[in-house]
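# Commentary on secondary and tertiary structure
Spelled out from the first residue to the last, the chains are:
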Amino acid sequence: MPERHFIIDCDTAEDDILSLISLLAKGVKVHALTVVEGNVEFETEVNNALWAINFLRDNGIDIEDLKVYKGSSRPLIKDFKTVEEVHGRSGLGEISPLVKNTSFLGEEDASTAIINLSKKYEIEFLAISPLTNLALAYLRDPSVVQRIKRVYIMGGAVYARGNITPVAEYNFWVDPDAAKIVMNAFKKKITLVPWEVAVKNAIDQDTFDRLSTLGTMLSSLYKDMYSFYRQFSSKMQGMRGNPHPDVITTAVALDKDIAVDVRQENVNVENCDCESRGLSIVDYVGPGHVRKKEWNAEVVYDINYYAFTVFLESVLKWF
Ligand SMILES: [Ca+2]
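Remember, predicted model here, so these are calculated numbers, not experimental data.

Next up on the list: the overall build of the protein chain. A count of helical and extended segments in the protein chain gives 13 helices and nine strands. Taken over the C-alpha trace, the protein chain has a radius of gyration of 18 Å; the compact-globule value for 319 residues is 20 Å, and the two agree within 12%. By principal-axis analysis of the C-alpha atoms, the protein chain measures approximately 50 × 45 × 40 Å. In the protein chain, buried positions account for 52% of the 319 residues. Taking as baseline every contact in the protein chain between residues at least 6 positions apart, the subset at least 24 positions apart corresponds to 80%.

Here's what the structure looks like:
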């Protein structure tokens, strides 16, 4: 199989870190973690990304040229808020990472790193965070659209069932201007995993118990990172357990057969300063509607939950 080259754009909380681990466990090259505003304080996100790389290196994983690049610490235009109540103060649940080694911090800013890496490799871009960094890279150099092979986005709520507002998913809500730019620029190169898919495929109790007692280091990390999020998502959000929006997106990027219902649709983003800020506007394929705009994204409507849990287990058994 040809080598695959990834950039992960992240607002580094637990699901972002497990996405990184998943890509590396499955043998693809990850060249950069480009950090952007989102889940927790920006410098905490940077610290978490550095901690993850140190953790992997300390466990003997070959991380080669993987570096952390600081990106935008705020949306293009609007204000936003972090969500420590969801992910814990550190973004990693029970873990409070301390980083002594900052040698993995790249000198360039994130959008420069994205532009440069796209000239060097056939990049696949995993956007599991607000889209400010990718929008900035595009605004500075629109030809990144031609060079980046594929963009996998965790974002939006296709049935307008949001998490940060009634109608908006967090990543699209934080920077709807950036999301609008990206959705309209990277036409047909986008695979979109919306929030509803994560809700539907939240981890049930039996699976959580199994995944957190595999006897590996990653299995105990899983328990430590996700217990807080699991508590919030089941007690406050009424879900059956912790969701994996980012890791589902990663799993689909690695193996498209995990997605079982994929539709070519046009997804745009409401960027008003109003109640529907961040709303996904889906020009959908029937029943009940005729799509009028050219499609820009392959929208994932569901995944094979069992296949996803098998995927998670295989990642957590890595070491
Ligand atoms: Ca994320």
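This is not the end of the story, as more comes after the structure.
In this chain, Gly286 is followed by Pro287 through a cis amide linkage whose omega measures 10°. Non-glycine residue Lys188 carries a positive phi angle of around 65°. By the secondary structure assignment, Lys188 is in the loop between helix H8 (176-185) and strand E6 (190-193). On the basis of neighbour count, Lys188 is assigned to the exposed category, with 11 C-beta atoms found within 10 Å.

As a further point, take the pairing of strand E1 (residues 5-10). Burial runs high along E1: five of the six residues are buried. A crossover connection joins E1 to the parallel strand E2 (residues 29-35) through helix H1 (residues 14-25); in handedness this β-α-β unit is right-handed. When E1 meets strand E4 (residues 123-128), the two strands line up parallel, connected through six bridges. What sits directly across from Phe6, in E4, is Glu124.

One can describe the packing of helix H4 (residues 110-120) onto helix H5 (residues 132-140) by two numbers: an axis separation of 8 Å at closest approach and a directional angle of 65°. Here H4 runs over H5; the crossing is right-handed. Two secondary-structure elements touch here, H4 through Ala110, Ser111, Ile114 and Ile115 and H5 through Asn133, Leu134, Leu136, Ala137 and Arg140.

The subject of this paragraph is the UniProt feature "domain: Inosine/uridine-preferring nucleoside hydrolase" (unreviewed entry) in the protein chain. As recorded in UniProt, the feature "domain: Inosine/uridine-preferring nucleoside hydrolase" (unreviewed entry) lies at residues 7-308. In residues 7-308, the share of helix is 39% and the share of strand is 17%. The end C-alpha atoms are 22 Å apart.

Moving on: helix H13 (residues 305-316). Given a rise of 1.5 Å per residue, 12 residues ought to cover 16 Å, and the 16 Å separating the end C-alpha atoms of H13 matches this to within 8%. Within the span of H13, buried status applies to Phe308, Phe311, Leu312, Val315 and Leu316. For H13, the angular spread of the buried residues around the axis is 130°, confining them to a single face. Exposed positions of H13 whose direction lies more than 90 degrees from the buried face are Tyr306 and Ser314.

Inspection of the secondary structure puts Ser220 in helix H11 (residues 217-235). The partly exposed category is assigned to Ser220, around which 14 C-beta atoms lie within 10 Å. It is 9.0 Å that separates the C-alpha atoms of Ser220 and Leu316, two residues lying 96 residues apart in sequence.

The next thing to look at is the sheet that holds strand E5 (residues 150-154). Taking strand neighbours across the sheet as the criterion, the nine strands line up as E3-E2-E1-E4-E5-E6-E9-E7-E8 in an open arrangement whose pairing is mixed. Pairing within the sheet leaves two strands with one partner each, and these edge strands are strand E3 (67-70) and strand E8 (280-283). The average undirected angle you get between the axes of adjacent strands in this sheet is 30°. The sheet contact formed by E1 and E2 spans six bridges and is parallel. Across the sheet, residue Phe6 finds its bridge partner in E2, namely Val30.

Our focus in this paragraph is helix H2 (residues 42-58). With 17 residues, H2 extends 24 Å between its outermost C-alpha atoms, agreeing within 8% with the 24 Å of an ideal straight helix rising 1.5 Å per residue. For H2, the set of buried residues is Phe42, Thr44, Glu45, Val46, Asn47, Asn48, Ala49, Leu50, Trp51, Ala52 and Ile53. Here the buried face of H2 lies against E1, H1, E2 and E3. Gly60 lies just past H2 and shows a positive phi near 80°.

Val182 and Val252 are the most contacted members of the largest nonpolar core, which totals 101 residues. Apart from residues no more than four positions distant in its own chain, Val182 is found in contact with Leu131, Leu134, Ala135 and Tyr138.

The relative placement of two packed helices is expressed as an angle between their axes plus a distance between the axes. Orientation of H5 relative to H8, taken along the N-to-C sense of each, is 60°, at an axis distance of 8 Å. Between H5 and H8, the angle is such that the two are oblique. As H5 packs across H8, the resulting crossing turns out to be left-handed. Across the interface between the two elements, Thr132, Leu134, Ala135 and Tyr138 of H5 pack against Ala178, Ile181, Val182 and Ala185 of H8.

Calculation criteria
- Residues numbered from 1 in each chain as written.
- Predicted model: local features only at pLDDT ≥ 70, side-chain atom pairs only at ≥ 80, totals over all residues.
- Helix = DSSP H or I, 4+ residues; strand = E, 2+ residues; numbered from the N terminus.
- Rg over C-alpha atoms; globule rule 2.2 N^0.38 Å.
- Buried ≥ 20, exposed ≤ 12 C-beta atoms within 10 Å, placed from the backbone.
- Contact = placed C-beta atoms within 7 Å.
- Right-handed = clockwise from strand over helix to strand, strands pointing away.
- Pairing = 2+ DSSP bridges.
- Axes fitted to C-alpha atoms, helices over the stretch in contact; angles between N-to-C directions.
- Left-handed = near helix turned anticlockwise from the far one by under 90°.
- UniProt positions renumbered as here; feature names shortened; annotations may be inferred.
- Expected span 1.5 Å × (residues − 1).
- Arc of directions from axis to C-beta.
- Core = buried A, V, L, I, M, F, W, Y, C linked by C-beta atoms within 7 Å.
- Parallel < 35°, antiparallel > 145°, perpendicular 65-115°, else oblique.

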